[in-house]
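What the coordinates show
Now for the letters of each chain:
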Amino acid sequence: MKAKQPKALLILYATQTGNAMDAAERIGREAERRGCSVTILSMDEYDASSLVGEVAVIFVVSTTGQGDTPDSMKVFWRFLLQRNLSKNWIEGMRYAVFGLGDSGYQKYNFAAKKLDKRLSDLGAVALIERGLGDDQHPSGYEGALDPWMSSLWRMLNKIYPNFFPNGPDHVESEMRLLDQQKVEVRYHDISNVDSQFSVDDDLNSRENSIELACSMSLAKFSSKKRPSCFLKMIKNQLLTKAGSGKDVRHFEFEFVSSAIKYEVGDVLEVLPSQKPAVVNAFMQRCNLNPESFITVHPRKQENDIYNTDLYAQRTPIKLKTFVELAMDVSSASPRRYFFEVMSYFATAEHEKERLQYFASPEGRDDLYQYNQKERRTVLEVLEDFPSVQMPFEWLVQLVPPLKTRAFSISSSVSAYPNQVHLTVNVVSWRTPFKRQRYGLCSSWLANLNPHESTIVPVWFQKGSLPPPPPLEPLILIGPGTGCAPFCGFIQERSIQSQSSKVAPAMLFFGCRNEDADFLYRDFWYLHSQGGGVLSEANGGGFFAAFSRDQPQKVYVQHKMRENSRRVWDLLSKGASVYVAGSSTKMPSDVLDAFEEIVSKEGGLPRESAVRWIRALERAGKYHVEAWS
């Protein structure tokens, strides 16, 4: 029976940081170059019930956290998990899944694997085997994407020949690219611009500017608009020993605008400021007038989902302010497509050839070494190719958006009613070519002077660590800055203990050296003595692992095993487990330690111990918040 021939290829993506959106758009561009009509949507823009009428769908999904689906996929995924959907609900639909993940994580590409299995369970048939992009690959996720796309085109052409009128190997002239801008930038007469948007020295104006810039940004994966509030730093304290090779800070902030009622375990997202000198250099390199007033509008295209009437009423924003707030020109590396578009605007032949090579499959590995491995910024790349003059419309489309950075809150509002505290590792590293790099947000915060009134725009969000009830025993594992949320937990439980009964808490902390990076030493010891929340006398405990203070490295999981009886006692009493810290090996090592403890102290076979811990997870009593 001949397959039903769809008019357009539907591509659905779910992204947390923008990589899956980039991959989806690349698949869409490559399909269009072969003559195929394409519709690209984020999963939160698509009604999952419509899958029953689809013929061919490509899914591009990233995995976030510990095997979690991106926020934009959660509603879509919940719909697919409904029990009333039959095994042949989407029978006849063909699909392909490409996942983006990092094999350094325990649940590598888990979201893509789950989606692939569920679609198959519901009756859909895979066009080709799922593709799994890996950040650990020398070329990043594109190392798997290129060969996966080649297989996809061949299979699509075999089943749906109308997609590619001239076959999957016929690629149209790429000069058509220059007519495919997604945005239009309109310039406005300054005399007609509302004066309130020409000053940036008051909170209301700053708030309006951020909302304007975010609303005009193409970063569809970000829902950030108006900040929750503004903060002012009142304390900037170095927690680590000078010269130790680590720079961890304790920051305290006060609310400048109205205070927000947050809970322990919540996350604070901070919008960093870019260095004025870098922004000015970018404006000069691109021949932009910083004093111009602009509005940014999506160009009307086929299959357009935008409400153009809504965009027509936009308030102009100063061009320099838009760059400062919406375009990351000083820390993020541009995508591969950026180099491809640059090649069309290069007037020097040697630059054009190099850019074309970088954009080709043959140059993929070299581009990854030049760009991602070295973490070259947009400004640095533009300076390396001086003959390129890209129109501002293309820059708005292709420069990575300036993103908020998320930090676990390390305070309790009960202990500090008008404050928010953060524990931040100031990120710095050397690239393979020995270039010094710094994290944009952490270094900006570290350089803030509490005596100056710099305002910090922030958003409060729920994290992966729900606030525990006072009568629930706690086992907390927080090496390094992973201890941050547990400062808030212990502060809150200590206050609760003054007026009512509370359950015991046990904390396992880890760092390299006791005298160099033992974060909040006095705080932990205070609460582990004299009947405190962490005291062994109350059934809790505080245990620190110093990995480099002896020839044999000691980590938190070793301390857990040393105290396996205590750990089991709390687990037996209904304790909840909270794990926070580095996302590489630590969460899986801690999970292994728990399974071993349950097996040993509970007298269970290892397989039964594994099921015991899984049941804890399903009951919502095993929480992990990890970051790379």
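Fair warning: this is a prediction, and the values are worked out from it, not measured in the lab.

Here is what the cut-offs are and how they apply
- Residues numbered from 1 in each chain as written.
- Predicted model: local features only at pLDDT ≥ 70, side-chain atom pairs only at ≥ 80, totals over all residues.
- Heavy atoms only, no water.
- Pairing = 2+ DSSP bridges.
- Helix = DSSP H or I, 4+ residues; strand = E, 2+ residues; numbered from the N terminus.
- Axes fitted to C-alpha atoms, helices over the stretch in contact; angles between N-to-C directions.
- Buried < 20%, exposed > 50% of the residue type's maximum accessible area, 1.4 Å probe, protein only.
- Contact = heavy atoms within 4.5 Å.
- Polar contact = N/O pair within 3.5 Å; in protein donor to acceptor, adjacent residues only side chain to side chain.
- Arc of directions from axis to C-beta.
- Salt bridge = Lys/Arg side-chain N within 4 Å of Asp/Glu carboxyl O.
- Core = buried A, V, L, I, M, F, W, Y, C linked by side-chain atoms within 4.5 Å.
- Disulfide = S-S within 2.5 Å.
- Patch = residues over 30% accessible without salt bridge, like charges linked within 9 Å, V, L, I, M, F, W, Y side chains within 5 Å.
- Areas by Shrake-Rupley, 256 points an atom, 1.4 Å probe, with all protein chains shown as cover.
- Lys, Arg positive; Asp, Glu negative; His and termini not counted.
- Charge placed at Lys NZ, Arg CZ, Asp CG, Glu CD.
- UniProt positions renumbered as here; feature names shortened; annotations may be inferred.
- Phe/Tyr/Trp six-rings, centres within 6.5 Å; stacked < 30°, edge-to-face > 60°.

Thoughts on the sheet that holds strand β21 (residues 576-582)
- Taken in spatial order, the 5 strands line up as β20-β19-β18-β21-β22 in an open sheet, and their pairing is parallel. Two strands in the sheet have a free side with no partner beyond their single neighbour: β20 (541-546) and β22 (622-627). Averaged over all pairs of adjacent strands, the angle between their axes in this sheet comes to 10 degrees, without regard to strand direction.
- As paired strands, β21 and β22 are joined by 6 bridges and run parallel to one another. Looking at β22, one finds that V577 is bridged to Y622.

Brief notes about the environment of L288
- Within the secondary structure layout, L288 lies in the loop between α6 (276-285) and β11 (293-298).
- Judged by its relative accessible area of 13%, L288 falls in the buried class.
- Distance from L288 to P391, taken between C-alpha atoms, is 9.7 Å for residues 103 residues apart in sequence.
- Ignoring any residue separated from it by four or fewer positions in sequence, one finds L288 in contact with F282, M283, L319 and F392.

With respect to the environment of K621
- Checked against the element boundaries, K621 lands in the loop between α20 (606-618) and β22.
- Setting aside residues up to four positions removed in sequence, K621 forms contacts with E472, G574, A575, S576, V577 and L616.
- A distance of 2.5 Å separates the side chain of K621 from the backbone oxygen of G574, its partner in a polar contact.

What about α6?
- Inspection of α6 places V279, F282, M283 and R285 among the buried residues, and these make up the whole buried set. Within α6, the buried residues cover an arc of 165 degrees as seen down the axis, which keeps them to one side. Residues of α6 that are exposed and angled more than 90 degrees away from the buried face: P276, A277 and Q284.
- One or two steps after α6, the chain reaches N287, where phi turns positive at roughly 55 degrees.

Section: the pattern of salt bridges
- Evaluated as defined, the whole model comprises 34 salt bridges.
- When the shortest N-O distance is used, the salt bridge between R335 and D22 registers 2.3 Å. Here R335 is found in the loop between α8 (319-326) and α9 (336-345), whereas its partner D22 is found in helix α1 (residues 19-33), with 313 residues between them in sequence.
- Given a relative accessible area of 18%, D22 falls into the buried group.
- Two residues, D116 and R130, come together in a salt bridge whose shortest N-O distance is 3.0 Å. Residue D116 is found in helix α3 (residues 110-121), and its partner R130 is found in the loop between β5 (125-126) and β6 (131-134); the two are separated by 14 residues along the sequence.
- D116 gets classed as buried once you look at its relative accessible area, which sits at 12%.
- Classification of R130 by relative accessible area gives partly exposed; the value is 32%.
- One connected set of salt bridges, linked through shared partners, spans R26, E142, D146, R336, R364 and D365.

Considering helix α10 (residues 349-359)
- Turning to α10, its buried residues are E351, K352, L355, F358 and A359. Projection of α10 onto a plane perpendicular to its axis shows the buried side chains occupying an angular sector of 125 degrees, all on one side.
- If you follow the buried residues of α10, they end up packed against α9 and α11 (364-370).

Quick look at the sheet that holds strand β7 (residues 183-188)
- Strand order in the open sheet made by the 3 strands is β7-β11-β12, with antiparallel pairing throughout. A strand with exactly one partner marks an edge of an open sheet, and here the two such strands are β7 and β12 (317-318).
- Strand direction decides the pairing type here: β7 and β11, joined by 6 bridges, are antiparallel. Of the residues in β11, the one forming a bridge with R186 is T295.

Let's talk about the nonpolar core
- Grouped together as the largest cluster of nonpolar side chains are 51 residues, with contacts concentrated most on F282, F322, M327, F338, M390, F392 and L395.
- In terms of residue count, α9 provides more of this core than any other element does, 7 residues in total.
- If we ignore the near neighbours within four places in the chain, the residues touching F282 are L288, V323, M327, V329, V378, L379, L382 and L395.

As for unusual backbone geometry
- One non-glycine residue, N287, lies in positive phi territory at about 55 degrees.
- By secondary structure assignment, the location of N287 is in the loop between α6 and β11.
- Residue classification places N287 among the exposed positions, given a relative accessible area of 60%.
- Unusually for a residue other than glycine, K434 sits at a positive phi of about 65 degrees.
- Along the chain, the position of K434 falls in the loop between β15 (428-430) and β16 (436-438).

Description of the side chain of R437
- Positionally, R437 belongs in strand β16.
- We classify R437 as buried; its relative accessible area is 13%.
- In this structure the side chain of R437 is engaged in a polar contact, spanning 2.8 Å, whose partner is the backbone oxygen of R375.
- A distance of 2.8 Å separates a polar atom in the side chain of R437 from a polar atom in the side chain of E380.
- With near-sequence residues (within four places) excluded, R437 lies in contact with E374, R375, R376, T377, E380, V427, S428, W429 and T431.

Considering the state of the cysteines
- In the structure shown here, the tally under the stated rule is 0 disulfides.
- The structure places no disulfide on C483, whose sulfur is separated from the nearest cysteine sulfur, that of C487, by 4.9 Å.
- Judged by its relative accessible area of 0%, C483 falls in the buried class.

Quick word on a positive patch on the surface
- Among the surface-exposed residues, K246, R512, R548 and K553 lie close enough to one another that they form a single positively charged patch.
- Along the chain, R548 falls in the loop between β20 and α17 (556-562).

Regarding the UniProt feature "binding site: FAD" (unreviewed entry) in the protein chain
- UniProt's feature table lists "binding site: FAD" (unreviewed entry) at R375, R405, A406, F407, S408, G439, L440, C441, S442 and W627, given in the numbering used throughout. Judged by maximum C-alpha separation, these annotated positions cover 253 residues in sequence and are scattered in space, the widest gap reaching 25.2 Å.
- Residue position: R405 is located in strand β13 (residues 405-408).
- With relative accessibility at 24%, the residue R405 sits in the partly exposed group.
- Not counting residues up to four positions away in its chain, the partners in contact with R405 are L268, E269, V270, P272, D328, S331, L440 and C441.
- Classification of W627 by relative accessible area gives partly exposed; the value is 30%.

Regarding the packing of aromatic side chains
- Counted according to the given criterion, the structure contains 27 aromatic pairs.
- Residues W153 and F164 carry aromatic rings whose centres are separated by 5.9 Å and whose planes lie at 80 degrees to one another, so their mutual orientation is edge-to-face. Of this pair, W153 sits in helix α4 (residues 142-159) while F164 sits in the loop between α4 and β7, and the two are 11 residues apart along the sequence. We note that W153, like F164, is buried.

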